[in-house]
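# Examination of the molecular architecture
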There are 2 protein chains.
Amino acid sequence: MGAKSATQELIGAIAFDGDGLVPAIAQQHDTGEVLMMAWMNRAAVEETVATGRVCYFSRTRQALWRKGERSGQAQRLVELRIDCDGDTLLLRVDQTGAACHTGQRSCFFRALADGRLVTLSAPLVDPETLYGAEG
Amino acid sequence: MGAKSATQELIGAIAFDGDGLVPAIAQQHDTGEVLMMAWMNRAAVEETVATGRVCYFSRTRQALWRKGERSGQAQRLVELRIDCDGDTLLLRVDQTGAACHTGQRSCFFRALADGRLVTLSAPLVDPETLYGAEG
């Protein structure tokens, strides 16, 4: 089966929601760190598989969001997994720099601990050096 | 700050969607394996934090879903993280047995590889021994 029909097999297995979207979890492939969760539409899935560079769908901008296009903090796709009922994707990626628009490596940098929400890490980079807004 | 007010600080930081839900990713705390993604409402978050046992909200049944209540395949909460914009939770858990209703350890047991969707692992347990349906 060629790459194109494999992508169509994948698309057919995805249970897109009423807005045509599916949540996608990005995980650093070698360390296992969960980096972020964002959304994809069919075109974002197709582009990601075709290029090997992760592309999401921005619900805010209602447009394809090529991760790192502005910030340089791109995600190379290592493996794309799909869950049992097809309604969530797991992207095993190689993240360049910071996944989070705050400059943090992971978007999940706050935890409930010691009776409050604590910040677990420091930004890798100053977000001002990356861009003004979403990356 | 006490545990109760910490939970309220957390609840205030969560951006629940229009249905009052937030996606929650469950990750095995020591291996980093991503096990599943499900949804929580406010009551599910409060119960999970209060009991240390993960409780989701089943969109199918429109009811609290105490993970493992029928199957025994429960999740003990190790750490609860929240992302930068508060619209996704990351639950670092200790999973008993299989997270997936198919008997697989993780719901993400299929990947795009070698030009098709491949199954990466075998079930840990026969789902028939767990229950008839959702776990």
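Cut-offs used in this document
- Residues numbered from 1 in each chain as written.
- Chains lettered and ligands numbered in written order.
- Predicted model: local features only at pLDDT ≥ 70, side-chain atom pairs only at ≥ 80, totals over all residues.
- Heavy atoms only, no water.
- Helix = DSSP H or I, 4+ residues; strand = E, 2+ residues; numbered from the N terminus.
- Rg over C-alpha atoms; globule rule 2.2 N^0.38 Å.
- Buried < 20%, exposed > 50% of the residue type's maximum accessible area, 1.4 Å probe, protein only.
- Contact = heavy atoms within 4.5 Å.
- Areas by Shrake-Rupley, 256 points an atom, 1.4 Å probe, with all protein chains shown as cover.
- Core = buried A, V, L, I, M, F, W, Y, C linked by side-chain atoms within 4.5 Å.
- pLDDT = per-residue confidence, 0-100.
- Polar contact = N/O pair within 3.5 Å; in protein donor to acceptor, adjacent residues only side chain to side chain.
- Least-squares fit on C-alpha atoms with pLDDT ≥ 70 in both.
- Arc of directions from axis to C-beta.
- Phe/Tyr/Trp six-rings, centres within 6.5 Å; stacked < 30°, edge-to-face > 60°.
- Axes fitted to C-alpha atoms, helices over the stretch in contact; angles between N-to-C directions.
- Left-handed = near helix turned anticlockwise from the far one by under 90°.
- Nonpolar A, V, L, I, M, F, W, Y, C, P; charged D, E, K, R; others polar.
- Salt bridge = Lys/Arg side-chain N within 4 Å of Asp/Glu carboxyl O.
- Pairing = 2+ DSSP bridges.

Scanning chain A from terminus to terminus reveals three helices and eight strands. Ordering the α and β elements of chain A from the N terminus gives α-β-β-α-β-β-β-β-β-β-α. Against the 2.2 N^0.38 benchmark of 14 Å for 135 residues, chain A shows a C-alpha radius of gyration of 15 Å, consistent with a compact globule. If one aligns the C-alpha atoms of chain A with their principal axes, the spans along those axes are about 50 × 35 × 30 Å. Going through the 135 residues of chain A one by one, you find that 51% of them count as buried. Relative to all contacts within chain A whose residues are 6 or more apart in sequence, the contacts with residues 24 or more apart total 45%. Put simply, chain A shows about 5900 Å² of open surface, and 48% of that area lies on carbon and sulfur atoms.

On to the nonpolar core. By size, the foremost hydrophobic cluster in this structure holds 30 residues, and its most contacted members are Leu10(B), Met36(B), Met40(B), Tyr56(B), Leu89(B) and Leu91(B). Broken down by secondary-structure element, the contributors of at least two residues to this core are helix H1 (3-13), strand S1 (22-28), strand S2 (34-40), helix H2 (42-51), strand S3 (55-58), strand S5 (75-82) and strand S6 (89-95) of chain B. At four residues, the largest contribution of residues to this core is made by S2(B). Setting aside its immediate chain neighbours within four residues, Met36(B) contacts Ala24(B), Ile25(B), Ala26(B), Tyr56(B), Trp65(B), Lys67(B), Gln75(B), Ala99(B), Cys107(B) and Phe108(B). Residues Ala6(A), Ile14(A), Met40(A) and Cys107(A) belong to the second largest nonpolar core, which totals 29 residues.

In this model, chain A carries an average pLDDT of 93, and 96% of its residues clear a pLDDT of 70 or more. Under the prediction, the complex receives an ipTM of 0.93, its pTM being 0.94.

What follows concerns the side chain of Asp83(B). Assignment of secondary structure puts Asp83(B) in the loop between S5 and S6. A distance of 3.0 Å separates a polar atom in the side chain of Asp83(B) from the backbone nitrogen of Asp87(B).

What relates the pair of chain copies is a rotation about an axis plus a shift along that axis. Laying chain A over chain B is done by rotating through 180° and shifting 0.0 Å along the axis; what remains is an RMSD of 0.0 Å. Interpreted geometrically, this transformation is the action of a two-fold axis. Within chain A, Gly32(A) has its C-alpha nearest the rotation axis, a separation of 2.5 Å.

Another aspect to go through is H1(B). Inspection of H1(B) places Ala6(B), Thr7(B), Leu10(B) and Ile11(B) among the buried residues, and these make up the whole buried set. The buried residues of H1(B) all sit within an arc of 140° when viewed along its axis, so they share a single face. Where the residues of H1(B) are buried, they touch strand S7 (110-113) and strand S8 (116-119) of chain A together with H2 and S5 of chain B.

We describe a pair of aromatic rings using the distance from one ring centre to the other and the angle between the two ring planes. All names here are of chain A. Counting across every chain of the model gives two aromatic pairs over all chains. Where Tyr56 meets Trp65, the ring centres are 5.3 Å apart and the plane angle is 45°; that geometry is what we call tilted. Looking at Trp65, the relative accessible area reads 13%, which means it is buried.

Right, let's talk about the packing of helix H1 (residues 3-13) of chain A against helix H2 (residues 42-51) of chain A for a bit. Residue and element names in this part refer to chain A. Orientation of H1 relative to H2, taken along the N-to-C sense of each, is 145°, at an axis distance of 11 Å. As for how H1 packs across H2, the hand of that crossing is right-handed. In this structure, H1 contributes Thr7, Gln8, Leu10 and Ile11 to the contact, and H2 contributes Arg42, Val45, Glu46 and Val49. When the residues that make up the contact of H1 with H2 are grouped by side-chain class, the tally is four nonpolar, two polar and two charged.

All names here are of chain A. Applying the stated rule across the entire model yields 14 salt bridges over all chains. Between Glu33 and Arg105 there is a salt bridge; the shortest N-O distance is 3.6 Å. Linking Glu33 in the loop between strand S1 (22-28) and strand S2 (34-40) with Arg105 in the loop between strand S6 (89-95) and S7, this pair joins segments that are 72 residues apart in sequence. The exposure class assigned to Glu33 is partly exposed, which follows from its relative accessible area of 31%. Residue Arg76 is joined to Asp94 by a salt bridge in which the shortest nitrogen-to-oxygen separation is 3.7 Å. Remark: Asp94 occurs in strand S6 and Arg76 occurs in strand S5 (residues 75-82); sequence separation between them is 18 residues. It is possible to trace a salt-bridge network through shared partners that takes in Glu79, Arg81 and Arg92.

Notably, Gln62(A) is not glycine yet its phi reads approximately 50°, a positive angle. Relative to the helices and strands, Gln62(A) is located in the loop between strand S3 (55-58) and strand S4 (63-66).

Bringing the sheet that holds S5(B) into the picture now. Strand order in this open sheet of six strands is S8(A)-S7(A)-S5(B)-S6(B)-S1(B)-S2(B), and the pairing throughout is mixed. Every other strand in the sheet has two partners, leaving S8 of chain A together with S2 of chain B as the edge strands with one partner each. Pairwise comparison of adjacent strand axes, ignoring direction, gives a mean angle of 35° for this sheet. Pairing geometry for S1(B) and S6(B), over five bridges, is parallel. Across the sheet, Gln28(B) pairs through a bridge with Val93(B), a residue of S6(B). Running at roughly 65° to S8(A), H1(B) makes contact with S7 and S8 of chain A together with S5 of chain B of the sheet. Against the sheet, H2(B) engages S7 of chain A together with S2, S5 and S6 of chain B, with an angle of about 125° to S2(B).

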